[in-house]
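Next come the chains, spelled out residue by residue.
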Amino acid sequence: MALHAVPPLVKVAVAQMTAISDTNANFITCARLVQEAAAAGVKLLSLPECFSFIGSRDGEALGIAEPLTGPIMKRYQSLAREAGLWLALGGFQEKGPDDKHIYNTHVLLDDYGRICSSYRKIHLFDVDVPGGPVLKESNNTAPGSEVVVANCPAGKLGLTVCYDLRFPELYQRLRFAENAEVLLVPSAFTKKTGEAHWELLLRARAVETQCYVLAAAQAGKHNDKRESYGDAMIIDPWGTVIARLPDKLVTGIAVAQVDLSMLQAIRLRMPIEQHRRYDIYGPSCPQQVPSKGDEKHSSL
């Protein structure tokens, strides 16, 4: 595919939905959201973590996990190709390193339906939420080990997933070592932690990196045991929420424009990259963490 200069204004969108333990029903929901995005002229749509499946029992995802070449992924590849847009699949149950573990994998598809990049969630949610559930993602999920950036029509993307949001070092690496311009944070935040920290953390990541933040979200009750906070939103590099759904729980998309000229103006006027004092506090992004860029689209 011929590569072209990134346009200054590109429509992007984040999705909000309530996934269940039925991959076909979830696909129908996602297909409707993709069609809505395509009709709005969106070039990149971000779907939330666990977009294709959320089970009601611990370990249930092991039974439906597939390699990225499997039939579930192929359906979403066809969806992206038919709609003619880039599709960020925020957290797919990829078959893992052994029979007891999967990878929680963020997959980026281009507008031809090809897999451009994949990021395996690094930080696993092993938390006893005060006043909420006890969740131990590592019981059935293996962590990733690579930082991933990829080029697309909306700019240079930094791929992350949900709980990663609480670790600013990752986002510092994506911005200051990998030059990301748009950070994707697809999530299934718990209701309790979402109420306390969701918007606060998203806006902080945007301000401290001077990046756009696209935060797709699971919303509402998936089953009797699991509930997600919702409130999908898009934030600009100044920390302003520029798009969100009118209801934290409704299924739909929020649309905004990425303006890379505005991003560059903010970085020029407040040059925090030049002011960083690694000589005093050391690098915020240890180089022993490998990165995986998108070689196929690296010169976009």
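Reading the values: rules and limits
Residues numbered from 1 in each chain as written. Predicted model: local features only at pLDDT ≥ 70, side-chain atom pairs only at ≥ 80, totals over all residues. Heavy atoms only, no water. Core = buried A, V, L, I, M, F, W, Y, C linked by side-chain atoms within 4.5 Å. Buried < 20%, exposed > 50% of the residue type's maximum accessible area, 1.4 Å probe, protein only. Helix = DSSP H or I, 4+ residues; strand = E, 2+ residues; numbered from the N terminus. Contact = heavy atoms within 4.5 Å. UniProt positions renumbered as here; feature names shortened; annotations may be inferred. Polar contact = N/O pair within 3.5 Å; in protein donor to acceptor, adjacent residues only side chain to side chain. Patch = residues over 30% accessible without salt bridge, like charges linked within 9 Å, V, L, I, M, F, W, Y side chains within 5 Å. Areas by Shrake-Rupley, 256 points an atom, 1.4 Å probe, with all protein chains shown as cover. Salt bridge = Lys/Arg side-chain N within 4 Å of Asp/Glu carboxyl O.

Under an unreviewed UniProt entry, the protein chain has the name CN hydrolase domain-containing protein and belongs to Sphagnum troendelagicum.

Judged by nonpolar contacts, the single largest core of 52 residues is most densely connected at Leu-44, Leu-108, Trp-198, Leu-202 and Leu-214. Take this core: its biggest share by element is 5 residues, from strand β8 (residues 147-152). In this structure, Trp-198 is in contact with Leu-165, Val-185, Ser-187, Phe-189, Thr-193, Ala-215, Ala-216, Ala-217, Tyr-229, Gly-230, Asp-231 and Met-233, ignoring residues within four places of it in sequence. Counting 29 residues, the second largest nonpolar core, distinct from the first, contains Ala-37, Leu-45, Ile-72 and Ile-253.

In the UniProt entry, the feature "domain: CN hydrolase" (unreviewed entry) is given for residues 10-260. Taken end to end, residues 10-260 has its terminal C-alpha atoms 9 Å apart, with 24% of it in helix and 35% in strand.

Residue placement: Gln-16 occurs in strand β1 (residues 9-17). At a separation of 3.0 Å, a polar atom in the side chain of Gln-16 contacts the main-chain amide nitrogen of Asp-231. Side-chain polar atoms of Gln-16 contact the backbone nitrogen of Ala-232, separated by 2.8 Å.

This part takes up a nonpolar patch on the surface. Taken together, the side chains of Tyr-278, Ile-280 and Tyr-281 make up a nonpolar region of the molecular surface, amounting to roughly 330 Å² of accessible area. Checked against the element boundaries, Ile-280 lands in helix α7 (residues 278-281). The class for Ile-280 is exposed, based on a relative accessible area of 59%.

Our next topic: helix α3 (residues 168-177). The buried fraction of α3 is high, at 7 of 10 residues. Every buried residue of α3 is accounted for by Leu-170, Tyr-171, Gln-172, Arg-173, Leu-174, Arg-175 and Phe-176. Looking one or two residues past α3, Asn-179 carries a phi angle of roughly 60 degrees, positive in sign.

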